[in-house]
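# Breakdown of the fold
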Amino acid sequence: MTNDSKRTDRTIDLTIDIDATLEEVWQALTTGEGIARWFAPYAAVTPGEGGSVSVGWDPKEMWETPITVWEPQRHMQTASEMPSKDGRIVRLAVDYYLEAQGGRVRVRLVHSGFDDSGAWDDYIDGLDAGWTYFLFNLKHALERHRGVDRRQLSAHFRTTARADEDHPVFSEKGLRVRPPAGGLRPGDACHLSLGGVGVDATVAVRRAPRTIAFVVPAWNDALLFVEREGMKEAHQLGVWLSLYGVPETTAAPLQQGLADLQSAVSVPEG
């Protein structure tokens, strides 16, 4: 789990300890094959300062960022420019710092460069929740599934939810979770059902009301991640299932379950 987290109004600063070697963690952060096991399923890296990292959830829509710092097994930085709401250009940097500590590796991630505009608040809050999950996924992939390629199943769609109610994705027609997902915290045991398959699970990461992730032992310690993108009543929602080394007989009904979930709780684009 995340060992420490710190956020100023305009900087995300997270750390996690991983039972792996410096070389293994560096490879996971700096190679396309490594990144695909814990972050975006499509990834490519041109190594070295002046190179780039390209990632995507669709091979036709890749996001490329330049590498601006490259210190093998110590520090990598990527940086990109984005327009602020007032038209100014800001330089956003993501730094990964690695340090060996007592047979483990501490990874520190710092996402910085946001200006003082309050228009960034929702975006930063979403990034904070997302990076917390992805660092856990990095740890989980290296400690539980070292060297195993990931198969990611997903559903991504527009839906609606009222602020004072449980999200409809957790309703009887969606992803059924007992006890109710709204009251769950990291470490809690629960039972969930997807595609007619009921299994026991444990909450791994929770950032209410944006994100929740479950470890599912029956699916070879798969990770099921639910992410709300934006806090308006109408918003995008993603359900991402990371499978490692499971047969098609396990994966197929789960893929159908995600399709059925999307059909049940999605709403037309406005």
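Quick note: structure is the one above.
The structure reproduced in this document is the subject of the present report. (Residues numbered from 1 in each chain as written. Predicted model: local features only at pLDDT ≥ 70, side-chain atom pairs only at ≥ 80, totals over all residues. Heavy atoms only, no water.)

This next bit is on the nonpolar core. Grouped together as the largest cluster of nonpolar side chains are 46 residues, with contacts concentrated most on Ile18, Val25, Trp38, Phe39, Tyr96, Trp131 and Leu138. Of the residues forming this core, the biggest block, 10 residues, is contributed by helix α3 (residues 121-144). Leaving out residues up to four positions away in the same chain, Leu138 has contacts with Ile18, Ala28, Leu29 and Trp38. Within the second largest apolar cluster, 31 residues are counted, among which are Val169, Val199, Leu237 and Leu241. (Core = buried A, V, L, I, M, F, W, Y, C linked by side-chain atoms within 4.5 Å. Buried < 20%, exposed > 50% of the residue type's maximum accessible area, 1.4 Å probe, protein only. Helix = DSSP H or I, 4+ residues; strand = E, 2+ residues; numbered from the N terminus. Contact = heavy atoms within 4.5 Å.)

We now examine the packing of aromatic side chains. This structure, assessed with the given rule, holds 15 aromatic pairs. Taking 6.4 Å as the distance between ring centres and 85° as the angle between the ring planes, the aromatic pair formed by Tyr96 and Trp131 counts as edge-to-face. Here Tyr96, found in strand β7 (residues 89-101), pairs with Trp131, found in helix α3; they are 35 residues apart in sequence, far enough to count as distant. Of the two residues, Tyr96 and Trp131, both sit in the buried class. Ring centres of Trp131 and Phe134 lie 6.4 Å apart, and the angle between their planes is 70°; on these two criteria the pair is classed as edge-to-face. Of this pair, Trp131 and Phe134 both sit in helix α3, 3 residues apart, roughly one helical turn. According to the relative accessible area criterion, Trp131 is buried, its value standing at 8%. According to the relative accessible area criterion, Phe134 is buried, its value standing at 12%. In this structure an aromatic cluster arises from ring pairing among Trp38, Phe39, Trp57, Tyr96, Trp131, Tyr133, Phe134, Phe225 and Trp240. (Phe/Tyr/Trp six-rings, centres within 6.5 Å; stacked < 30°, edge-to-face > 60°.)

Turning next to the side chain of Ser193. Here Ser193 shows up in strand β11 (residues 189-194). Beyond its immediate stretch of four places on either side in the chain, Ser193 contacts Gly174, Leu175, Arg176 and Gly198.

Among the structural elements, Asn137 can be located in helix α3. Among the residues examined, Asn137 registers a relative accessible area of 0% and is labelled buried. Contact partners of Asn137, with chain neighbours within four places excluded, come to Arg37, Trp38, Arg150, Leu223, Ser242 and Tyr244.

Before going further, it helps to examine the pairing of strand β13 (residues 211-216). Taken across its 6 residues, β13 has 6 buried, putting it largely inside the fold. Residues Thr211, Ala213 and Val215 line one face of β13 and the alternating positions Ile212, Phe214 and Val216 line the opposite face, and both faces are buried. Where strand β12 (residues 197-207) and β13 come together, 5 bridges link them in antiparallel fashion. Across the sheet, the residue bridging to Thr202 is Val215, located in β13. Hairpin connection between β12 and β13: a loop of 3 residues separates the two successive antiparallel strands. Of the strand pairs in this sheet, β13 and strand β14 (residues 222-229) are connected by 6 bridges, and their pairing is antiparallel. Paired with Val216 across the two strands is Ala222, which belongs to β14. Once β13 ends, the chain turns through 5 residues before running back antiparallel as β14, passing Asn220 with a positive phi of about 55°. (Pairing = 2+ DSSP bridges.)

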